[in-house]
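Now for the letters of each chain:
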Amino acid sequence: DIQLTQSPSSLSASVGDRVTITCRASQSISNYLNWYQQKAGKAPKFLIFVASSLQNGVPSRFSGSGSGTDFTLTISSLQPEDFATYYCQQSYSSPWTFGQGTKVEIK
Amino acid sequence: VQLLESGGGLVQPGGSLRLSCAASGFIFSSYAMSWVRQAPGKGLEWVSGISDSGGSTYYADSVKGRFTISRDNSKNTLYLQMNSLRAEDTAVFYCARDSSTSGTFDFWGQGTLVTVSS
């Protein structure tokens with residue numbers, strides 16, 4: 001199975017900050033990497049697919065990059081509604097696997 | 001798009017439970033579907049998937065042989081039959097729609113809680 005490791009596991013940031021979360025795969029997954037946002041008590045929300053394509057309706061302050069084994073999710077200017085946990089997930093090969101999550105908290 | 005899970009609850013170890021996911025707002029028979037779970041305070045774990053026709057099914061090793069995924073396209077409903085339940089199966093179970101790219105989950109239900117405890 002492909003392992004995904006996110007870093008950091010948590011971070012504290014202020015509104016307006018630029019935030020970067022990384023996701024490293026245990027083997028090359030080309031660009032088959034997705035990102036999800038999950039707020040407390042809610043279902044995950046689909047943000048980005050194939051590493052850098054924004055899902056319809058997702059604000060442009062979110063962006064993704066990377067290929068092979070190293071990927072990043074960037075929030076260019078953190079907004080109050082962005083405080084949540086973010087998960088990367090690979091869609092390269094089954095079983096589909098997720099990173100352990102990165103919790104973005106208010107500083 | 002709406003996905004509405006039901007069927008969760010408290011069950012004893014070794015017991016069984018069947019989850020349902022009622023889909024609406026899209027052509028259900030055109031999409032593969034999956035179940036993803038989240039243990040309390042933990043991350044997301046893909047559990048099982050099924051092709052649009054139901055002809056192909058896939059399972060995580062952790063549930064293989066105990067869980068069975070199925071669908072009824074005439075009823076726009078996805079199912080997960082869970083047998084031989086263990087304490088470690090305690091989780092919120094989400095159904096999720098597979099987008100046109102396999103293994104990419106573009107819409108999720110609100111989840112249903114399964115608690116395995118004596």
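This text goes with the structure placed above it.
All values reported here derive from a predicted model rather than from experimental measurement. (Residues numbered from 1 in each chain as written. Chains lettered and ligands numbered in written order. Predicted model: local features only at pLDDT ≥ 70, side-chain atom pairs only at ≥ 80, totals over all residues. Heavy atoms only, no water.)

Draft legend 1. Broad picture of the overall build of chain A. Looking only at helices and strands, chain A features 0 helices and 11 strands. Going from N to C terminus, chain A has its helices and strands arranged as β-β-β-β-β-β-β-β-β-β-β. Since a compact globule built from 107 residues should have a radius of gyration of about 13 Å, the 13 Å found for chain A is in line with a globular shape. When burial is assessed residue by residue, chain A has 47% of its 107 residues classed as buried. Within chain A, contacts between residues at least 6 apart in sequence are counted, and of these 56% link residues at least 24 apart. Surface exposure of chain A reaches about 4,900 Å², of which carbon and sulfur atoms provide 45%. Positive and negative side-chain charges in chain A, numbering 8 and 6 respectively, have mean positions lying 5 Å apart. (Helix = DSSP H or I, 4+ residues; strand = E, 2+ residues; numbered from the N terminus. Rg over C-alpha atoms; globule rule 2.2 N^0.38 Å. Buried < 20%, exposed > 50% of the residue type's maximum accessible area, 1.4 Å probe, protein only. Contact = heavy atoms within 4.5 Å. Areas by Shrake-Rupley, 256 points an atom, 1.4 Å probe, with all protein chains shown as cover. Lys, Arg positive; Asp, Glu negative; His and termini not counted. Charge placed at Lys NZ, Arg CZ, Asp CG, Glu CD.)

Draft legend 2. Spatial organisation of the sheet that holds strand 1 (residues 4-7) of chain A. All names here are of chain A. If you trace the 4 strands from one edge of the open sheet to the other, you get 1-3-8-7, paired in antiparallel fashion. Across the chains shown, the open sheet's two edge strands, defined by having one partner strand only, are strand 1 and strand 7 (62-67). Pairs of neighbouring strands in the sheet enclose a mean axial angle of 15°, with direction left out of account. Of the strand pairs in this sheet, strand 3 (residues 19-25) and strand 8 (residues 70-75) are connected by 6 bridges, and their pairing is antiparallel. Counted as the bridge partner of Thr20 is Thr74 from strand 8. (Pairing = 2+ DSSP bridges. Axes fitted to C-alpha atoms, helices over the stretch in contact; angles between N-to-C directions.)

Draft legend 3. The environment of A:Asn31, seen in detail. All names here are of chain A. Its place among the elements puts Asn31 in the loop between strand 3 and strand 4 (33-38). Along the sequence, Asn31 and Ser60 sit 29 residues apart, while their C-alpha atoms lie 20 Å from each other. Beyond its immediate stretch of four places on either side in the chain, Asn31 contacts Val50, Ala51 and Phe71.

Draft legend 4. A look at the pattern of salt bridges. Residues and elements named next belong to chain B. Scanning the model with the defined rule gives 9 salt bridges over all chains in all. A salt bridge links Lys64 to Asp61; the nearest nitrogen and oxygen atoms lie 3.1 Å apart. Residues participating in the shared-partner salt-bridge network are Arg37, Glu45, Arg66 and Asp89. (Salt bridge = Lys/Arg side-chain N within 4 Å of Asp/Glu carboxyl O.)

Draft legend 5. Summary view of the state of the cysteines. Residue and element names in this part refer to chain A. All chains considered together, the criterion is met by 2 disulfides over all chains. The disulfide partner of Cys23 is Cys88, and the gap between their sulfur atoms is 2.2 Å. Taking the torsion about the S-S bond as the criterion, the Cys23 to Cys88 disulfide, at about 75°, is right-handed. Here the residue Cys23 occupies a position in strand 3, and Cys88 occupies one in strand 9 (residues 85-90), the gap between them amounting to 65 residues. (Disulfide = S-S within 2.5 Å.)

Draft legend 6. Representation of the interface of chain A and chain B within the structure. Counting residues at the interface gives 16 residues for chain A, matched by 16 residues for chain B. Roughly 1,400 Å² of surface becomes buried between chain A and chain B when both sides are summed, with 63% attributable to carbon and sulfur atoms. Of all residues in chain A, the largest losses of buried area upon contact with chain B belong to A:Pro44, A:Trp96 and A:Phe98, amounting jointly to 38% of the total for that side. Counting across the chain A and chain B interface gives 0 salt bridges. If you list the elements that add at least two residues to the side of chain A that touches chain B, you get strand 4, strand 5 (45-49) and strand 9 of chain A. (Buried area = accessible area lost by both parts, 1.4 Å probe.)

Draft legend 7. Structural detail: the packing of aromatic side chains. Scanning the model with the defined rule gives 12 aromatic pairs over all chains in all. Ring centres of A:Tyr36 and A:Phe98 lie 6.0 Å apart, and the angle between their planes is 55°; on these two criteria the pair is classed as tilted. On the criterion of sequence distance, the pair formed by A:Tyr36 in strand 4 and A:Phe98 in strand 10 (residues 97-98) is long-range, its members being 62 residues apart. Like A:Tyr36, the residue A:Phe98 is buried in the burial classification. Between B:Phe67 and B:Phe93, the ring centres sit 6.5 Å apart and the planes meet at 50°, which makes this aromatic pair tilted. In this pair, B:Phe67 sits in strand 7 (residues 67-72) while B:Phe93 sits in strand 9 (residues 91-98), placing the two residues 26 residues apart along the sequence. Three or more aromatic residues joined by ring pairs form one cluster here, namely A:Tyr36, A:Phe46, A:Phe49, A:Phe98, B:Tyr94, B:Phe105 and B:Trp108. The ring of B:Tyr31 has B:Arg97 sitting right over it, with the charged end atom 3.9 Å from the ring centre. (Phe/Tyr/Trp six-rings, centres within 6.5 Å; stacked < 30°, edge-to-face > 60°. Lys NZ or Arg CZ within 6 Å of the ring centre and 35° of its normal.)

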